[in-house]
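Each chain is listed here by its residues.
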Amino acid sequence: MKGYGSYTIPRLDVQVSGTYQTKPGPLVLALYTATNAEIAPSLGRSLAGGEANLAVHLLAPGPYTTTNGGSGRVHGERLHQVDFRISKLLQFGGTRARANLDIYNALNSSAVLAQNDAFADWQTPEDILLARFFKFSVQFDF
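The text that follows walks through the structure, step by step, so that each part is easy to find. None of these values were measured; they are calculated from a predicted model.

1. Section: the overall build of the protein chain
Thinking step 1. Within the protein chain one finds 1 helix and 9 strands.
Thinking step 2. Walking the protein chain from its N terminus toward its C terminus, one meets helices and strands in the order β-β-β-α-β-β-β-β-β-β.
Thinking step 3. Over its C-alpha atoms the protein chain spans a radius of gyration of 25 Å, topping by over 25% the 14 Å that the globule rule assigns to 142 residues.
Thinking step 4. Considered along the principal axes of its C-alpha atoms, the protein chain spans approximately 85 × 35 × 25 Å.
Thinking step 5. Of the contacts formed within the protein chain by residues at least 6 apart in sequence, a portion of 53% connects residues at least 24 apart.
Thinking step 6. Carbon and sulfur atoms make up 59% of the accessible area of the protein chain, which amounts to about 10000 Å² in all.
Thinking step 7. Charged side chains of the protein chain number 12 positive and 11 negative; the gap between the two group centres comes to 15 Å.

This is how it looks when you write it as structure tokens:
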């Protein structure tokens, strides 16, 4: 879900706007890399094609029907992000300028965007949402 809204304060010529978005966290997988030495005794032979190992999914990644009617996919914590912009409209003769202050990730969320799915480092974050940051800009209309 994403939402956007803005409001202009008439007497001040200041525009305040914001966005909100929420989406599911990263898909949770569980991968174990089994070596040929671990597989060969139960298989009765070595892996085909001379493969040294095989990735085994311990948690099914694809859609399937569960008893509660869900999709069967497991996701990490949801991402919630709020961004704001404050703009001041300035007029100089026949030109206009807009001074902007953008605040990204205003709530300073540290939601996980990607995580490790390997057995040894399972669910170790690999990428998180950037920390709160500010951007100043000016737009000229002539």
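2. Thoughts on the pattern of salt bridges
Thinking step 1. As enumerated under the stated definition, the model contains 3 salt bridges in all.
Thinking step 2. The salt bridge partner of D102 is R85, with a shortest N-O separation of 2.5 Å. In this pair, D102 sits in strand β6 (residues 95-104) while R85 sits in strand β5 (residues 79-92), placing the two residues 17 residues apart along the sequence.
Thinking step 3. Accessibility expressed as a relative area gives 4% for D102, which makes it buried.
Thinking step 4. Residue class for R85 comes out partly exposed when judged on its relative accessible area of 29%.
Thinking step 5. The salt bridge partner of D102 is K135, with a shortest N-O separation of 3.9 Å.

3. Looking at the packing of aromatic side chains
Thinking step 1. Under the definition given, this model contains 2 aromatic pairs.
Thinking step 2. Ring centres of Y32 and F119 lie 5.1 Å apart, and the angle between their planes is 85°; on these two criteria the pair is classed as edge-to-face. You can see Y32 sitting in strand β3 (residues 30-35) and its partner F119 sitting in the loop between β7 (112-115) and β8 (125-128), a full 87 residues away along the chain.
Thinking step 3. In this structure Y32 comes out as partly exposed when scored by relative accessible area, which is 28%.
Thinking step 4. Considering the side-chain rings of Y104 and F133, the 4.9 Å spacing of their centres and the 25° angle between planes classify their relative orientation as stacked.

4. Concerning unusual backbone geometry
Thinking step 1. For D13, which is not glycine, the phi torsion reads 55° and is therefore positive.
Thinking step 2. Phi is positive for N105, which is not a glycine, with a value near 50°.
Thinking step 3. Turning to its location among the elements, N105 is positioned in the loop between β6 and β7.

5. Let's talk about the sheet that holds β6
Note: strands within a sheet are paired through backbone hydrogen bonds, in either parallel or antiparallel orientation.
Thinking step 1. Spatially, 5 strands are ordered β1-β2-β5-β6-β9 in an open sheet, and the strand pairing comes out antiparallel. Both outer strands of the open sheet, β1 (2-9) and β9 (133-141), are each paired with one neighbouring strand and no more. The mean inter-strand angle of the sheet, taken between neighbouring strand axes irrespective of direction, is 15°.
Thinking step 2. Two strands pair when backbone bridges link them, and β5 and β6 are joined in this way by 9 bridges, in the antiparallel orientation. Opposite K88, over in β6, you have A99 as the bridge partner.

6. Examining the side chain of Q21
Thinking step 1. In this fold, Q21 is placed in strand β2 (residues 14-23).
Thinking step 2. Excluding its chain neighbours within four sequence positions, the residues that come into contact with Q21 are M1, K2, L79, H80 and Q81.

Quick notes on the rules
- Residues numbered from 1 in each chain as written.
- Predicted model: local features only at pLDDT ≥ 70, side-chain atom pairs only at ≥ 80, totals over all residues.
- Heavy atoms only, no water.
- Helix = DSSP H or I, 4+ residues; strand = E, 2+ residues; numbered from the N terminus.
- Rg over C-alpha atoms; globule rule 2.2 N^0.38 Å.
- Contact = heavy atoms within 4.5 Å.
- Areas by Shrake-Rupley, 256 points an atom, 1.4 Å probe, with all protein chains shown as cover.
- Lys, Arg positive; Asp, Glu negative; His and termini not counted.
- Charge placed at Lys NZ, Arg CZ, Asp CG, Glu CD.
- Salt bridge = Lys/Arg side-chain N within 4 Å of Asp/Glu carboxyl O.
- Buried < 20%, exposed > 50% of the residue type's maximum accessible area, 1.4 Å probe, protein only.
- Phe/Tyr/Trp six-rings, centres within 6.5 Å; stacked < 30°, edge-to-face > 60°.
- Pairing = 2+ DSSP bridges.
- Axes fitted to C-alpha atoms, helices over the stretch in contact; angles between N-to-C directions.

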